[in-house]
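An overview of the molecular structure
Letter by letter, the chains look like this.
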Amino acid sequence: MKVIDRCLSDRNRWYTTAQIFERCNNELADKDFQKITAMNSIRDDIRQIERLYPKAVVEKKKEGRNVYYHYQDPTFSIFNTPLKPEELIQLTQTLKLLNRFKGMPQFDWITELAERLGTTLKVSDLSTKEIVGFDENMDLVGLDNFTPLFNAITDERVLKLSYKSFNKKTESEIIVHPYYLKQYNKRWFLIAWNQEHDFLANYALDRILSIKELDLPYRYANINFLDYFDEMVGVSKDTRTSQQLVKIWVSPVSWPYIKTKPLHGTQKIISEDDTGAVITIEVYLNYELEQMLMSFGENIKVLEPKEFREHIKQRLVGAAMNYSEQVQFD
């Protein structure tokens, strides 16, 4: 890119692709790098410069069989940047945060921007160590389903999913109207309307075996998903039920943690003393809520509702049985 830019901005002459090709290979040879083998790569790079830099207008003139190239503005260069070194560092760190979305639809510009920063702004020469880490599962099965689902939501298309739940031995075909993609606990979920059962459901992307678009009328939903997930823990919500007021006792060991990092946005303190605290949260009862509460072990006890308390108790009894001396494992 540097050699091509120098040729295009040369005020004294115009260059053919063959001449640029030769200059590039001469510089690569001087640095003991592998030479370019295809002339088309020069033309592709010129097109990429025009695409990445709106002000990079490349003029062409033909003399005989040769085509010559030059910037319309002889003072232009892709390496002329007004950014200060500290601004480049900040921009690089921002790009690294955005890099989390690499490979997802609508984020192809990140790759282009990375290349522009690396070549044009010489960001690679700056000291920009990683200072933020995200808890992600890059090996998660089903990430290849993200793009077709994203596009179907954007284009408002009805889908037929071949889906295999964890608790079923065979897959089933489900017709859905897709609305929203949500990440929870390192997994991605599709929120969609189940046409057969006429209710909103969630589908784990790693359980979707195939996706097919259907030529059917799309069912629109007036749902604010920013508010939708405020009413629960996780992604599971049975819209045929309602929110429940859950009263919970928290031990003195876990209370400082839960006080500063509430179990849910609706958390309210009923009482607190040396023996612990009693709080309430108003949520939909679901599997994710159960898992979260059980993760605290003996430091949490569900007090109400009575049925939910009994359900959690039975799960904990079953867990304790796994450690009973009478249970034998192969």
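Everything in this summary refers to the structure shown in the same document. (Residues numbered from 1 in each chain as written. Predicted model: local features only at pLDDT ≥ 70, side-chain atom pairs only at ≥ 80, totals over all residues. Heavy atoms only, no water.)

Considering the sheet that holds strand β1 (residues 15-16)
As a reminder of what qualifies: Note on pairing: two strands pair once DSSP finds at least 2 bridges between them. Only DSSP runs of H or I reaching four residues or more are called helices, and only runs of E reaching two or more are called strands; each is numbered from the N terminus.
Across the sheet, which stays open at both edges, the three strands sit in the order β1-β3-β2 with antiparallel pairing between neighbours. The sheet is open, and its two edges are formed by β1 and β2 (58-63), each paired on a single side. As judged from the six bridges shared by β2 and strand β3 (residues 66-71), these two strands associate in the antiparallel manner. Along β3, the bridge assignment pairs Glu59 with His70.

Some thoughts on helix α2 (residues 17-30)
Note the following rule: Here, expected helix span is obtained from the residue count minus one, scaled by 1.5 Å. When accessible area is computed with a 1.4 Å probe and restricted to protein chains, residues below 20% of their type maximum are described as buried, those above 50% as exposed, and intermediate ones as partly exposed. Think of it as the arc spanned by the lines of direction from the helix axis to the C-beta atoms. In what follows, a contact means two residues having at least one pair of non-hydrogen atoms within 4.5 Å.
For α2, with 14 residues, the first-to-last C-alpha span of 20 Å sits near the 20 Å given by 1.5 Å per residue. Those residues of α2 that sit buried are Thr17, Ile20, Phe21, Cys24 and Asn25. Down the axis of α2, the smallest arc covering the buried residues is 130°, so these residues share one side. Elements in contact with the buried residues of α2: α1 (2-8), β1, α3 (40-52) and β3. Looking at the residues trailing α2, positive phi occurs at Asp32, about 60°.

Comments concerning the sheet that holds strand β9 (residues 244-250)
Formally: Simply put, an axis is a line fit to the C-alpha atoms, just over the touching stretch for a helix, and the angle between two N-to-C directions goes from 0 to 180 degrees.
The strand order β10-β11-β9-β12 describes an open sheet built from four strands, whose pairing is antiparallel. Two strands in the sheet have a free side with no partner beyond their single neighbour: β10 (268-273) and β12 (300-304). Strand-to-strand twist across the sheet, computed as the mean angle between neighbouring axes with direction ignored, equals 25°. Taken together, the five bridges between β10 and strand β11 (residues 276-283) define a ladder with antiparallel strand orientation. Its bridge partner being in β11, Glu272 is matched across the sheet by Ala277.

A closer look at the packing of aromatic side chains
The condition is simple: Only Phe, Tyr and Trp rings are paired, with Trp represented by its six-membered ring, and only when their centres lie within 6.5 Å; those with planes under 30 degrees apart are stacked, over 60 edge-to-face, the remainder tilted. Counted as over-ring charges are cases with an Arg CZ or a Lys NZ within 6 Å of the ring centre that also lie within 35 degrees of the ring normal.
For the structure on display, the rule yields 12 aromatic pairs. Aromatic pair Phe225 and Phe229: ring centres 6.2 Å apart, planes at 35°, arrangement tilted. Each member of the pair, Phe225 as well as Phe229, carries the same accessibility label: buried. Each residue in the set Tyr180, Phe225, Tyr228 and Phe229 is aromatic and connected to the rest through ring pairs, giving one cluster. Looking at Lys301, its charged tip hangs above the ring of Trp249, at a distance of 5.8 Å from the centre.

Things to note about the pairing of strand β7 (residues 199-204)
Within β7, five of the six residues are buried, which leaves the element mostly enclosed by the surrounding structure. Where strand β6 (residues 187-194) lies against β7, six bridges are found, and the strand directions are antiparallel. For Asn194, the partnering residue across the bridge sits in β7 and is Phe199. Between the end of β6 and the start of β7, which pair antiparallel, lie four residues, with Asp198 showing a positive phi angle near 60°.

Focus: helix α9 (residues 287-294)
Residues that lie three or four places apart on an α-helix share one face, since the helix turns once every 3.6 residues. With six of its eight residues buried, α9 lies for the most part within the structure. Within α9, the full set of buried residues consists of Glu288, Leu289, Glu290, Met292, Leu293 and Met294.

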